[in-house]
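Architecture at a glance
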Amino acid sequence: MVKLMIVSIRSGNKLERVRQILENSGKDVIITDKESLNMLVEGKILGKNFKGSLYLFNFSSPEEDSLKLFTISKPDEVLICDEAGRLEAFSRFIRLVPGLKISEC
């Protein structure tokens, strides 16, 4: 089962929530933006022991990138943590896909 996490955060509260989710997960796929990635690395949430895949979202062509990232990850379940709203294009795309289990943090 592939779990896809869309992470765009700006506060410590959501950072802690992402930490809790990742501690109990396996080889997940994370799609994030540069600012959130910096927070995840500085908070020591992502590092050498991360077993999943990590992708930075391309803001120059959000529709194309959304389709490409979805096709690559082929998720069964999606967790959306888009507090900052920077990944809204991808979040909207995901919500249109039928049959996916979608939750928000």
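Below you will find a few notes about this structure. Note that the coordinates shown come from a computational prediction; the quantities given were computed from them, not determined experimentally.

Of the regular secondary structure elements, the protein holds four helices and five strands. Each helix (α) and strand (β) of the protein, taken in turn from the N terminus, gives the series β-α-β-α-β-α-β-α-β. Relative to a compact globule of 105 residues, whose C-alpha radius of gyration would be 13 Å, the protein shows 13 Å and is just as compact. The dimensions of the protein, computed from C-alpha atoms along their principal axes, are 30 × 30 × 20 Å. Burial analysis of the protein (105 residues in total) assigns 43% to the buried set.

Our focus in this paragraph is the sheet that holds strand E1 (residues 3-8). Taken together, five strands build an open sheet; the order of strands is E3-E2-E1-E4-E5 and the sheet is parallel. Among the strands making up the open sheet, the edge pair consists of strand E3 (53-56) and strand E5 (101-104). Neighbour-to-neighbour, the strand axes of the sheet open up by a mean angle of 20 degrees, direction not taken into account. In this sheet, E5 lies alongside strand E4 (residues 77-82) in parallel orientation, the contact comprising four bridges. Opposite Ile80, over in E5, you have Glu104 as the bridge partner. Contacts from helix H1 (residues 12-23) reach E1, strand E2 (29-32) and E4, with the element oriented near 165 degrees to E1. Sitting on the sheet, helix H3 (residues 62-73) is in contact with E1, E2 and E3, with an inclination near 175 degrees to E3.

For the rest of this paragraph, the subject is H3. For H3, spanning 12 residues, the distance from its first C-alpha to its last is 16 Å, which sits close to the expected 16 Å at 1.5 Å a residue. Of all the residues in H3, the buried ones are Pro62, Asp65, Ser66, Leu69, Phe70 and Ser73. With its buried residues spanning 130 degrees around the axis, H3 presents them on a single face. The exposed set on the far side of H3, more than 90 degrees from its buried face, consists of Glu63 and Glu64. Packed against the buried residues of H3 are E1, E2, E3 and helix H4 (88-95).

What follows deals with the side chain of Asp82. Note on placement: Asp82 falls in strand E4. Despite being buried, Asp82 has no salt bridge partner; Arg95 is the closest side chain of opposite charge, sitting 6.4 Å away. Within the structure, the side chain of Asp82 is placed 3.3 Å from the backbone nitrogen of Leu87, a separation counted as a polar contact. Reaching out from Asp82, the side chain makes a polar contact with the backbone nitrogen of Glu88 at a distance of 3.2 Å. Apart from residues lying up to four places away in sequence, Asp82 is in contact with Ile6, Ser8, Leu87, Glu88 and Ser91.

Calculation rules
- For every chain, the first residue of the written sequence is number 1, and numbering continues from 1 onward in sequence order.
- Totals for whole chains, interfaces and linings use all residues, but because this is a predicted model, local features are given only for residues with pLDDT of at least 70 and pairs of side-chain atoms are given and counted only at 80 or more.
- Note that water and hydrogens are dropped before the side-chain values are worked out from all heavy atoms of the structure.
- Strands are runs of DSSP state E lasting at least two residues, helices are runs of H or I lasting at least four, and both sets are numbered from the N terminus onward.
- Restricting the calculation to C-alpha atoms gives the radius of gyration, and the globule rule supplies 2.2 Å times the number of residues raised to the power 0.38.
- For each residue, the accessible area found with a 1.4 Å probe, counting protein chains only, is set against the maximum for its type, and the residue is called buried under 20%, exposed over 50%, and partly exposed in between.
- Should DSSP find at least two bridges between two strands, the strands are taken to pair.
- Axis angles are defined between N-to-C directions and span 0 to 180 degrees, where every axis is a line fitted to C-alpha atoms and, for a helix, only to the segment in contact.
- Two residues form a contact once any of their heavy atoms are found within 4.5 Å.
- How far a helix is expected to stretch is found by multiplying one less than its residue total by 1.5 Å.
- The directions from the helix axis to the C-beta atoms are what the arc is built from.
- When charges are counted, Lys and Arg contribute as positive and Asp and Glu as negative, whereas His and the chain ends are disregarded.
- Counted as salt bridges are all cases of a side-chain nitrogen of Lys or Arg within 4 Å of a carboxyl oxygen of Asp or Glu.
- Contacts described as polar in this section are N or O atom pairs within 3.5 Å, which, within protein, must combine one atom able to donate a hydrogen with one able to accept it, while residues neighboring in sequence count only if both atoms come from side chains.

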